[in-house]
Each structure stands twice: as structure tokens, then as C-alpha cells.
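# Observations on the three-dimensional arrangement
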Amino acid sequence: MKGKKIIRIMLTVFGLFVMVGFLACSAKRLGGGEQRAWIRINQLGYTPDGIKIAVWGSKSSNKIESFQLMDAETDEAVFKSEAGMPFGAYGPFEETYRLDFSAFSDTGKFYLQAGNAKSPVFSVNKDVYQGTADFVLRYLRQQRSGFNPYLKDSCHVHDGYTMYGPMPDSTLIDVSGGWHDASDYLQYSTTSANATYHLLAAYRDFGEFFSDAHLANGLEGKNGIPDVLDEARWGLEWLLKMHPREDWMFNQLADDRDHQGLRLPTIDSVDYGMGPGGARPVYFITGEPQGLGKHQNRATGTSSTAGKFASAFALASQIYEKKDAELASVFYDKALSAYKFGLRKLGVSQTAPNLAPYFYEEDSWADDMELAASNLWKLTGDDDYLNKAVDYARMEKITPWLGQDTARHYQWYPFHNFGHYEIGNNETTAYYKEGIEKVHAKAEKNAFYRGIPFIWCSNNLTTSFAIQCYLYRKMSGDETYRELEQANIDWLFGLNPWGTSMVYGLPSWGDTPADPHSAFTHLHDFPVDGGLVDGPVYTSIYNNLIGITLYSPDEYAAFQSDLVVYHDDFGDYSTNEPTMDGTASLVYLLAAMEDEAVSHPSVSKLKRDRFGAVIRGDETKKLVALIFSADEFGEGAGYIAEVLNREDQKSSFFFTGNYLRKKENQGIVDKLVRDGHYVGAHSDQHLLYAPWGNRDSLLISQEEFEKDVIENYNLLKKWNLDRSTSRFFLPPYEWYNDTIADWVAKMGLELINFTPGIRTPADYTWPDMGSRYVRNKAIFESIEDFKEKNKNGLNGAIILIHAGTDPKRTEKFYHELPKLIELLKNDGYQSVTIDKLLNESRN
């Protein structure tokens, strides 16, 4: 019996319980008082070179200033940092913070502490994703129909009898096999073909990370084939049965008459008109509305399902070409005929309801035909398919749910468009980015970076969105959305308001689903290892559902909210039912993460802030970038240039138009350029882009912004500098928001800022500012303190110093430059220009 089931018994019998280890989600007592704050983490752990974020959430309005990372063995602090900006209320929490410890790269076991809140223990290691994709495959094997290797017995062997086809209704054909769709026993071509494609793609892209521990039939043993390809082959064999002839294709096996109580698939006695346990209906794709009961779908064509068939067959043919030429030829022919079937009637093939008005309401088909055409192009080498794929891509540039607050059930499916990746040009890369940005605009407003709508199967959307972010990053090399990508992965494994993983049994030591909506677990305590549950739904959806009854006390009651709910309870079929297709997508995502952690940890080692600005370079290299900015005041630029020349150091300077227009400054710029320093833009008029008290709003228009920046670059032309030679942009006041970041990118520039934690930007203050005034001694100490307390010291740091300050500040920090350079040299650091630092970090 799983741990959380034991806890439910303890709750019922004793009324009180003590949570141990990782179960930090409970409302336990601390020092006699009720716990009010929690730290949520990714229970799988974090990779040394990856993004490492936790979320602190409080049920009061308390604030925190800092947090620390503690060694789990010694209980000693190994990393300390400021907590950053508060994000405010989200879900059950009144206040939230993102705790960023990405700069820490040591391996081991750790926990986080902030105020009275302490996180569960977690690992930082390269192997945190090792074997996870293989583990998730367990659920796919358990979902097999025909022969079920988990039960070591057969089921649904009489399937099925035809409906709506060109043959007489009730014609018996063999369509046994495939996977059950979820915890019921319906089977859909659309989800099965999509799952098959993900498994094939996982084998193609990351095959080395899958083991061979099972035979083709799913029983234990070795057959010389990675298990992921065996599982994909199981899906392919069923798809062949569902497309047995060039002019025949079926969309669905069984219907909602299935929902007649709990039973194992091997003793399924539901009567579909052919006697208890007899054949089930198999629905032919007609492109017209269907439904054998009082309800019908809104089907309009053949393309959405046929495109998925063609995609899976085309990728399979590519994979099997060197393994089994005869089988590859079969898949080749099926890919062509399925694509042709999709052209019969352009439109969508929705699943068929019967007793209830619920069905998969797919409303898009161009993405399916794009994926099919792009794979046929790769399979055949015929550029006509590529041209058609691009045409289809332009019909649905962005998967429509991206950025939306809601959608109908499976309205836009698949939840990300693999076709854009298979085409792989600049145009489809831009489409990916545009969709990601729509989610990013919502996500950055809350501490969990949550921009996914809480509709049914929200975890499937989360998985697919993380894959889209990953594919975009691979195509573009752009790391802007790396933190958003990781946030969606983290969400699935515990970094969510409930502090629970959404994958049954993963990790084995974590808080994971124990009582999903599944006959396997509910009737027999059979684990559904690897199953990705549906995920949280809006409370408004949950409150309007029929037939939901919680069977046990809600261990997450303290974390439900008016926004969203999740229950690990058999009775909540809306949030806690595992799904086959979502799990198959997760196989691809986890394999990608294992590959990245082991083979090539990151495309880039740049660190960015939440707006996408680069704030640090590669922390494994002893390089730093000293950058100097000047606007109204720049009296120290000449002195700085002399020191740098004497010490043989290269640096970077960012000047406003106000500075560049002054004739007395132009000779200094001449010297800086001549000496090989980087010179870039800092805006023309040194505009304040956003109010100090409301960063999310704007004080300028896009037109005003662009005009100001262009004028700054027009002045730089005097030194043969333009947006190609000096593309890094330091924003005025180092103050900006996501809109400004987007405008900067659209101008072909890259936004940079100083590394947080180093107080050199405070060198502009003067004594009349009172407590805001920071003396040179304190500034210099902050550099030394940063170097000592950060595991990687000053590696990759961007250190901003003002080249001039108001005369009211009599001590000028730039006079400390010789001392700073001495410190850097003594510790083996090299000062380089900003372009060299960032380019080195991308290699």
C-alpha cells in the first residue's frame, strides 16, 4: 500500500499525523503553531548546469529577504542569495517568491531554507533524469490491449465490428491491439498515432538512453531492441489494422458505453450489442458527424486523424529503413496512402460520443497535415511535400491554445506542433517563439511561471509546452525561455502549490499520486508506474462536474483555492486520471532532459533574468566583463581608459547620445575604439522606460523607444559602429520589463544587465540620499563578498561601474579600478569585452 494511503488511514483513525521526509505539503505544526510557509521543489532534483528554481509560498502576507541552500549531511549553508522580488498571491498563497540558486553547481543532497520554511531534501546531480523515460514506459505497457503484459493475459480480442464504413455495418474486422486511452478502455486513433510518433521521435533523437529489458510482447526479457521502439511498434501494428486498405481508415474503437463501472480489461464484460465481452464498434472516418446514441460530434473532414497516421508511418519508415527493409516499405506505402486519405476531405475527425455529450473536440487539422508532409519530404526527398508542409504551417502558425485561458477538451490537438521542428527553418522557428511568448507573457506574472490553462489534461499541455520550448531552443540556440521551459518540467515533479509530483511513482522517494482514477489501483492496489495524471483544473470546472465524490480526506485541502484544485483521490476523475498520450509525450521530454544533462548540458551557459536579459556569462571560466556606462556625467572615462591601457585590460563602454554629442567626449571614444574596447548603445536620451513603483507598465511607446535607440546608433556611426558590430544593449537605468525586452529583440539587439549581488551600480549615489548612499568601501566589500560566497566566485560576472557621477558624490568608485583589477589578476581572472564574454559562454 502506498504511503499516502497509509496517511489517510492515520487521519481517519487518529485525527493527527506526523509527516516525514519529503511530505512537506502537509499543514504540519512548527513550534506549536500551524505552518504558514512552504518551499516547493522539483523532487527529481536539479542538474549542476541547469536552471535551479524553487518557490516559497506563504499563507500570510509575510515577506522574505533571503534564502540559503543547506548541505543535507552537514546542515551547513553552502549558498546564500537574496530572495528577489515578491510575486504576490497565487492559488492558496498570499505571497510567493522564486528562489533562484542556478549559480550553485556542486553535486550532492541539499535542502533550502527561507525564514521558518524548509524544503524537502533534493539532489543536484547529472543523473537526476537517468532512467526516468524508461520508467514512464511502464505505464504504456500496462495500457496495452490485445495481450496485456502486466496482467499476463489477453483482453478485447474480439474487436471489432464496423460502423459508418463503406462495408455493411457490423462487419467484423480484426482491430485488436493498441493501447487503452486512459483508465477507461476506449481506443482512439488520434491519441494513439500521436503517442506512437512521440515514441518514435524519442527513439530517433535519444535512443541511447533507453534500455532493453522487455520483449516485443512487453514481457520481461531482452530482444536486442530498445524498449521504446518495441512500444512504438505496438502502436504501429494497431495503426496498420486501423488503416488496413488504401481507402479504409478508422478513427475509434468502442465508445462511452465503456463507462459502466470498474473492472480490469481482461474481465471487461460490457455489452456493445454483441454480447457481454464481445466485439466493440470501430468507427470509420467519413468526415461527417457521428454518434450512435442521441449525441453526435461535429466532424468536418478526414485530415486531422489521417495526418497523424501518415506522420507515424513516415517516421517509422525512416527508422526501419536500415533495420527491416521489408517493414520499412510497408510503412512507406501506408504513409503515402494515409496522407492521400487526409486529402479526401480537408477537415477534422472528432471522436464519437454515445450516451453523453463528451468527446474529443479537435478543431484543427493543418498541423497534422504539416507534420505528415514534412516527414514525407524527409522520407521521399520530394520538395513538393516540403512546400505543402510550409503551406500548412502558415495556416496554423501557432497552436491556438497557447496564450488562451481555456479551451474545449482536446480542441487543439496535438498540444504542440512537431511539424514546425521537422521543417526546421527560420520561419517555423519564429512561429514556435511567437507561441511561447504568448504563454511567457502570462507566466512571468506569477512565481510558478504558470501560463498553462487549467483545463482537463492540463499536465498534457504542460508536457507539450515544455517540449515546444525545448525544440525551439534546439532550433534557434536562443536561451531566453530556458527558465520557462524548466518551470513546466519542475511543475510536473512537485514545484506546484500542492508539492506533489504528477507522475505515479516518480520519483520513488517523493510525494506522487497514490490513489489515481484507475481500476488497477482502486480495486487491486496494482501500481500504475509512470502514468501522468490529468492534472489540476480550474475550481470553476471542478465545481460543475457531475459524479465526483472524494473517497478520503483531502490531504491537500490546505492548498486548494478559488483558482485551481488537484486531488489525489480515486473519486476525482477530472484531475487524477492517468492518460496514455500525455504519458507518451512525457517519454520524449524526459529522454530529452536526460540527454541534455549527460551529453551536452546546455546550448549556452549564459544566465538570464526573468525578462531575458543576459546577466552573467559562463560560470566555469575565469572571465569577467567590466562595463562602464555614461550619460550626463562621464568625467572619469579618460582616467578609466588610461588605467585599462596601463593594466592591459579590455572592457566595454555604453554611452548615451547625450554623452556622444559632447565634443569633449568624442576624443575619448576615439581612443576606446582604437584600443580595442567594446563601445555600445545606452539609449539616446537616457529615458526611463517604466515607473520605479510599477515595472510592468510603460512610460513610452514602441515608436518612441525605437526612435530613441536608432538615434543612439546613428551617433555611433561616427566610429563605424552599428547594430551588427555593437548589438549588445544596456538599457538606461538598467530598468526594463518584458515589453522592452521584446522591443530590444525585435530591433536585432541583445539585452544585457549587470550581475545581481555586486553593488557597483550603487556608485552613483551621494551622501544626501541618506541610507541609499553606498560608500566605496561597502561597494568593494560587496565584490569580495560575492567572490567568496558564490561557488564559482566571479566567473562570468558582468560588473557595471559608472564612468561619471554627480559632483555631489565626491568619492568616485572608478578611482578604485586599479585595486579592482589587482584583485581580479591575483585570483586569475581575465577582464574581457562583453562580446567576448558572451560568445565564449555560447561555446
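Parameters at a glance
- Residues numbered from 1 in each chain as written.
- Predicted model: local features only at pLDDT ≥ 70, side-chain atom pairs only at ≥ 80, totals over all residues.
- Heavy atoms only, no water.
- Helix = DSSP H or I, 4+ residues; strand = E, 2+ residues; numbered from the N terminus.
- Rg over C-alpha atoms; globule rule 2.2 N^0.38 Å.
- Buried < 20%, exposed > 50% of the residue type's maximum accessible area, 1.4 Å probe, protein only.
- Areas by Shrake-Rupley, 256 points an atom, 1.4 Å probe, with all protein chains shown as cover.
- Lys, Arg positive; Asp, Glu negative; His and termini not counted.
- Charge placed at Lys NZ, Arg CZ, Asp CG, Glu CD.
- Polar contact = N/O pair within 3.5 Å; in protein donor to acceptor, adjacent residues only side chain to side chain.
- Contact = heavy atoms within 4.5 Å.
- Expected span 1.5 Å × (residues − 1).
- Arc of directions from axis to C-beta.
- Pairing = 2+ DSSP bridges.
- Axes fitted to C-alpha atoms, helices over the stretch in contact; angles between N-to-C directions.
- Phe/Tyr/Trp six-rings, centres within 6.5 Å; stacked < 30°, edge-to-face > 60°.
- Parallel < 35°, antiparallel > 145°, perpendicular 65-115°, else oblique.
- Left-handed = near helix turned anticlockwise from the far one by under 90°.
- pLDDT = per-residue confidence, 0-100.
- Disulfide = S-S within 2.5 Å.
- Salt bridge = Lys/Arg side-chain N within 4 Å of Asp/Glu carboxyl O.

The next thing to look at is the overall build of the chain. Regarding its fold elements, the chain presents 23 helices and 27 strands. Taking 28 Å as the expected radius of gyration for a compact globule of 843 residues, we find that the chain reaches 29 Å, a close match to that expectation. Summarising its shape, the C-alpha atoms of the chain cover approximately 95 × 70 × 50 Å along the three principal directions. Sorting the 843 residues of the chain into buried and exposed places 62% on the buried side. Counting every atom, the chain has about 30900 Å² of accessible surface; 50% of that belongs to carbon and sulfur. Across the chain, the 85 positively charged side chains and the 115 negatively charged ones have centroids separated by 4 Å.

Another point: the side chain of Asn446. Tracing the sequence through the fold places Asn446 in the loop between α10 (426–443) and α11 (458–476). Among the residues examined, Asn446 registers a relative accessible area of 7% and is labelled buried. Among the polar contacts made by the side chain of Asn446, one reaches the main-chain amide nitrogen of Phe448 at a distance of 3.1 Å. Excluding anything up to four places from it in sequence, Asn446 contacts Phe87 and Tyr90.

Once that is clear, we can look at helix α18 (residues 663–674). With twelve residues, α18 should cover 16 Å at 1.5 Å per step; its first-to-last C-alpha distance of 17 Å lies within 8% of that length. Burial in α18 covers these residues: Asn665, Val669 and Leu672. Buried positions in α18, seen along its axis, are confined to an arc of 60 degrees and lie on one side of it. Exposed positions of α18 whose direction lies more than 90 degrees from the buried face are Lys663, Glu664 and Arg674. Taken together, the buried residues of α18 touch α16 (637–647), β22 (652–655), α17 (657–661) and β23 (678–681).

The subject of this paragraph is the sheet that holds strand β14 (residues 187–188). Read from one edge of the open sheet, four strands run β13-β16-β15-β14, paired in mixed fashion. If you trace the sheet from one side to the other, it starts and ends with β13 (161–163) and β14, each paired once. In this structure, β14 lies alongside strand β15 (residues 250–253), joined through two bridges in antiparallel fashion. For Tyr188, the partnering residue across the bridge sits in β15 and is Gln252. The strands touched by helix α4 (residues 227–242) within the sheet are β14, β15 and β16 (281–284), with β15 carrying the most contacts at an inclination of about 115 degrees.

Attention shifts here to the sheet that holds strand β7 (residues 95–100). The antiparallel open sheet is built from three strands, whose spatial order is β3-β4-β7. Both outer strands of the open sheet, β3 (37–40) and β7, are each paired with one neighbouring strand and no more. Within the sheet, the average angular offset between the axes of one strand and its neighbour, ignoring direction, is 20 degrees. The pairing of strand β4 (residues 53–58) with β7 spans six bridges and is classified as antiparallel. Looking at the pairing, Gly57 lines up with Thr96 of β7.

As a further point, take unusual backbone geometry. Going from Asp159 to Gly160, the amide bond is cis rather than trans, its omega being -10 degrees. Residue placement: Gly160 occurs in the loop between β12 (153–155) and β13. A cis amide bond links Tyr413 to the next residue, Pro414, at an omega of 0 degrees. The backbone phi angle of Cys457 is positive, close to 65 degrees, even though this residue is not glycine. Although it is not a glycine, Asp525 adopts a positive phi angle of roughly 55 degrees. Residue placement: Asp525 occurs in the loop between α13 (519–524) and β17 (537–538).

Residue placement: Gln187 occurs in strand β14. In this structure, the C-alpha to C-alpha distance between Gln187 and Tyr470, residues 283 residues apart in sequence, is 29 Å. Setting aside anything within four residues of it in sequence, one finds Gln187 in contact with Ser145, Gly177, Gly178, Trp179, His180, Trp238, Gln252, Leu253 and Arg280. At 2.7 Å, the side chain of Gln187 and the backbone oxygen of Gly177 are in polar contact.

Okay, the packing of aromatic side chains next. Per the counting criterion, the structure on display carries 56 aromatic pairs. With 6.2 Å between their ring centres and 45 degrees between their planes, Trp38 and Phe93 make a pair best called tilted. Linking Trp38 in strand β3 with Phe93 in the loop between β6 (77–82) and β7, this pair joins segments that are 55 residues apart in sequence. In this pair, the class of Trp38 matches that of Phe93, namely buried. Between Trp56 and Tyr97, the ring centres sit 5.7 Å apart and the planes meet at 65 degrees, which makes this aromatic pair edge-to-face.

Let us now look at the packing of α4 against helix α6 (residues 325–342). Relative orientation of the contacting elements α4 and α6 amounts to 50 degrees, with a least axis distance of 12 Å. On the basis of their axis angle, the class for α4 and α6 is oblique. As α4 packs across α6, the resulting crossing turns out to be left-handed. Across the interface between the two elements, Arg233, Leu236 and Leu240 from α4 touch Leu327, Val330, Phe331 and Lys334 from α6.

The subject of this paragraph is the confidence of the model for the chain. In this model, the chain carries a mean pLDDT of 92, and residues with pLDDT of at least 70 account for 95%. The low-confidence segment residues 5–32, where pLDDT is below 50, has 51 contacts with residues more than four positions distant or belonging to other chains.

Residues Ala37 and Ile39 line one face of β3 and the alternating positions Trp38 and Arg40 line the opposite face, and both faces are buried. Sheet topology note: the β3/β4 ladder contains four bridges and is antiparallel. The residue bridging Arg40 from the neighbouring strand is Val55, located in β4.

Here we come to the side chain of Ser58. One can find Ser58 in strand β4. Within the structure, Ser58 has its side chain in polar contact with the side chain of Ser60 (distance 3.0 Å). What Ser58 contacts, discounting residues up to four positions off in sequence, is Arg36, Ala37, Phe93, Glu94 and Glu95.

Take the environment of Pro818 next. Relative to the helices and strands, Pro818 resides in helix α22 (residues 817–826). Placed 172 residues apart in sequence, Pro818 and Arg646 show a C-alpha to C-alpha distance of 9.6 Å. Setting aside chain neighbours within four positions, we find Pro818 in contact with Tyr639, Val643 and Arg646.

Attention now moves to the state of the cysteines. Using the criterion set out here, one finds zero disulfides in the structure. Counting only cysteine sulfurs, Cys469 is the nearest neighbor of Cys457, a cysteine outside any disulfide, at a range of 19 Å. A relative accessible area of 3% places Cys457 in the buried class.

The subject of this paragraph is the pattern of salt bridges. According to the stated counting rule, one finds 44 salt bridges in the structure shown. The partner of Glu811 in a salt bridge is Arg775, with the nearest N and O atoms 3.8 Å apart. With Glu811 in the loop between β26 (798–802) and α22 and Arg775 in the loop between β25 (750–751) and α21 (776–789), this residue pair connects regions lying 36 residues apart in the sequence. Several salt bridges share partner residues, and in doing so they unite Arg473, Glu479, Arg482, Glu485 and Glu596 into one network.

This brings us to the pairing of β16. Because side chains alternate across β16, one face comprises the buried residues Pro281 and Tyr283, and the other comprises Val282 and Phe284, equally buried. Bridge count between β13 and β16: three bridges; the pairing is parallel. Paired with Met163 across the strands is Tyr283, a residue of β16. Bridge count for β15 against β16 is three bridges, and the pairing is antiparallel. Residue pairing for β16: Phe250 is matched across the bridge by Phe284.

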